[in-house]
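Take a look at the letters that make up each chain.
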Amino acid sequence: MKNNKLLISLLSLPLLATPFVAIADDDNVPPIKSLIVLEECGACHLAFQPAFLPKKSWQKMMGELENHFGEDASLDADSIAKIENYLVANASRKKFRGDKAPQRITELRWFTHEHSEREAKNMMKKLKVKSLVDCAACHKGAEMGIYDDD
Amino acid sequence: MRNLLIIISILAFFPAMAASAGPREDVIAQLETLAKSDDANFSGFDAARGKKLFSAKFSTGKPETPSCTSCHSTSPKNAGETRAGKAIDPMALSKTSDRYTDPKKVEKWFRRNCNSVLGRECTPLEKGDFLAFMISQ
């Protein structure tokens, strides 16, 4: 874990040297500020912050809510438009290698990497976390976009 | 005249009372109308049938959710849990007193969850029976 942090820090050095790039912690993301997004996306699971996925991911997801990871999460057209607008406007602007519209945050490379570490696995076992999408089980500040508490 | 004014003021202050007993009763009344138009012999919703529906296992919906109880726990009085690990307030009215008062919300969740569990929309009869069971609990 510590070595990885060091590695990540070293890798982000060029970023820090670039002007106009905010010195943001890689583990945190901006919190959601839309009530409808918090309410609708947060009804069944933590409302994942839009910065976790690129624009194309959100557009694809909002277009197939009738089969949302094995459940019908359909919504009226007006709500869909409002939510999609917010997600797209706040989506990640990073380049995604491979799938350009990934759907599962838990399958992104950095995610699997960080959660396969022994400390992460032990913590999930100890807290009896059933699903990797239950971020708040370990990351108490998840709703606020704070994930650096590991 | 005075009495009439008093009656009018009362009616104005309690529009729900004037129209019907409340938003939950409106939701049920709406379903009753639909159930009647589906079947002329409709004779009211039945909590026992609703209980059966709540506990039944289906193989026609999405494999992740074969029954209402997959997420809502086997008793309406207990809290449930979504597949993503988020708690769901108990379905029983005695445990969650503000349930079934927003017709849009009721319809939204019946549409989604009947489709997920049964693989189709629920009929007005099924919805009414289900609500009768939850309200009785």
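Keep in mind the model is a prediction, meaning the values are calculated, not measured.

Asks: Looking at this structure, I do not really get the state of the cysteines. What am I missing?
Replies: As used here, a disulfide is simply a covalent bond connecting the sulfur atoms of two cysteines. Enumeration over the complete set of coordinates arrives at 1 disulfide over all chains. Between the sulfur atoms of C114(B) and its disulfide partner C122(B) the distance amounts to 2.0 Å. Here C114(B) and C122(B) share a disulfide; its torsion about the S-S bond, -100°, makes the bridge left-handed. When its relative accessible area of 5% is taken as the criterion, C114(B) is described as buried. In this model C71(B) remains outside any disulfide bridge; the closest cysteine sulfur is found in C44(A), 8.0 Å from its own. Judged by its relative accessible area of 13%, C71(B) falls in the buried class.

Asks: Would you mind going over unusual backbone geometry with me for this structure?
Replies: Negative phi characterises most residues that are not glycine, and trans characterises most peptide bonds. The backbone phi angle of K128(A) is positive, close to 55°, even though this residue is not glycine. Positionally, K128(A) belongs in the segment after helix 7 (118-126). For Y100(B), which is not glycine, the phi torsion reads 65° and is therefore positive. Within the secondary structure, Y100(B) is located in the loop between strand 2 (87-88) and helix 6 (103-118).

Asks: Please explain the side chain of S57(A) as it appears in this structure.
Replies: Here S57(A) lies in helix 4 (residues 55-63). Leave out the neighbours within four places in its chain, and S57(A) touches K100(A), A101(A), P102(A) and Q103(A).

Asks: How should I be thinking about a positive patch on the surface in this particular structure?
Replies: A cluster of like positive charges, contributed by K55(A), K56(A), K95(A) and K100(A), occupies part of the molecular surface. Relative to the helices and strands, K100(A) resides in the loop between helix 5 (77-89) and helix 6 (109-115).

Asks: Can you help me understand the interface of chain A and chain B in this one?
Replies: Frequently, the measure chosen for interface size is the accessible area removed from exposure when the parts meet. Listed as interface residues are 19 residues of chain A and, on the opposing side, 15 residues of chain B. Its largest share of buried area at the contact with chain B, chain A owes to C44(A), E71(A) and D72(A), together 36% of the area lost on that side. The tally of links from chain A across to chain B stands at 3 salt bridges. In this structure, E40(A) engages K108(B) in a salt bridge whose closest nitrogen and oxygen atoms are separated by 2.8 Å. The interface formed by chain A and chain B includes 12 residue pairs in polar contact (both at pLDDT 80 or more).

Asks: Explain the packing of helix 6 of chain B against helix 7 (residues 124-136) of chain B to me, please; I cannot follow it from the model alone.
Replies: To describe two helices that pack against each other, one gives the angle between their axes and the distance between the axes. Residues and elements named next belong to chain B. Look at helix 6 against helix 7: their axes get within 12 Å of each other, and the N-to-C directions meet at 105°. As judged from the angle between their axes, helix 6 and helix 7 are roughly perpendicular. Facing helix 6, whose interface residues are V106, E107, F110 and L118, helix 7 presents E126, K127, F130 and L131. Split into classes, the residues belonging to the contact of helix 6 with helix 7 amount to 5 nonpolar, no polar and 3 charged.

Asks: Would you explain the packing of aromatic side chains in this entry?
Replies: Here a ring pair, both rings aromatic, is described through the centre-centre distance and the interplanar angle of the planes. The full count for this structure, using the stated rule, is 7 aromatic pairs over all chains. With a centroid separation of 6.1 Å and an interplanar angle of 50°, the aromatic rings of F54(B) and F133(B) are classed as tilted. With F54(B) in helix 4 (residues 47-55) and F133(B) in helix 7, the pair connects residues that are 79 residues apart, well separated along the chain. Taken as a pair, F54(B) and F133(B) share a single burial class, namely buried. Measuring from ring centre to ring centre gives 5.7 Å for F110(B) and F130(B), while their planes differ by 75°; the resulting arrangement is edge-to-face. Here the residue F110(B) occupies a position in helix 6, and F130(B) occupies one in helix 7, the gap between them amounting to 20 residues. By the burial criterion, F110(B) is buried, and F130(B) matches it. Connected via pairs of aromatic rings, a cluster forms that spans F52(A), W110(A), F111(A) and Y147(A). When the ring centre of W109(B) is taken as reference, the NZ or CZ atom of R112(B) above it lies at 4.7 Å.

Asks: Just to check I follow, could you spell out the environment of C68(B) for this structure?
Replies: Residues and elements named next belong to chain B. Its location among the elements puts C68 in the loop between helix 4 and helix 5 (69-72). Sequence separation of C68 and I135 is 67 residues, and the distance between their C-alpha atoms is 16 Å. Setting aside chain neighbours within four positions, we find C68 in contact with L53, F54, V117 and F130.

Asks: Hey, could you run me through helix 6 of chain B in this one?
Replies: Over its 16 residues, helix 6 of chain B extends 21 Å from the first C-alpha to the last, a length consistent with the 22 Å expected when each residue adds 1.5 Å. The complete set of buried residues in helix 6 of chain B reads V106(B), K108(B), F110(B), R112(B), C114(B), S116(B), V117(B) and L118(B). For helix 6 of chain B, the elements touching its buried residues are helix 3 (35-41) of chain A together with helix 3 (23-38), helix 4 and helix 7 of chain B. If you check the start of helix 6 of chain B, you find a side-chain oxygen 3.1 Å away from the backbone N of K104(B), and it comes from D102(B).

Here is what the cut-offs are and how they apply
- Residues numbered from 1 in each chain as written.
- Chains lettered and ligands numbered in written order.
- Predicted model: local features only at pLDDT ≥ 70, side-chain atom pairs only at ≥ 80, totals over all residues.
- Heavy atoms only, no water.
- Disulfide = S-S within 2.5 Å.
- Buried < 20%, exposed > 50% of the residue type's maximum accessible area, 1.4 Å probe, protein only.
- Helix = DSSP H or I, 4+ residues; strand = E, 2+ residues; numbered from the N terminus.
- Contact = heavy atoms within 4.5 Å.
- Patch = residues over 30% accessible without salt bridge, like charges linked within 9 Å, V, L, I, M, F, W, Y side chains within 5 Å.
- Areas by Shrake-Rupley, 256 points an atom, 1.4 Å probe, with all protein chains shown as cover.
- Salt bridge = Lys/Arg side-chain N within 4 Å of Asp/Glu carboxyl O.
- Lys, Arg positive; Asp, Glu negative; His and termini not counted.
- Charge placed at Lys NZ, Arg CZ, Asp CG, Glu CD.
- Buried area = accessible area lost by both parts, 1.4 Å probe.
- Polar contact = N/O pair within 3.5 Å; in protein donor to acceptor, adjacent residues only side chain to side chain.
- Axes fitted to C-alpha atoms, helices over the stretch in contact; angles between N-to-C directions.
- Parallel < 35°, antiparallel > 145°, perpendicular 65-115°, else oblique.
- Nonpolar A, V, L, I, M, F, W, Y, C, P; charged D, E, K, R; others polar.
- Phe/Tyr/Trp six-rings, centres within 6.5 Å; stacked < 30°, edge-to-face > 60°.
- Lys NZ or Arg CZ within 6 Å of the ring centre and 35° of its normal.
- Expected span 1.5 Å × (residues − 1).

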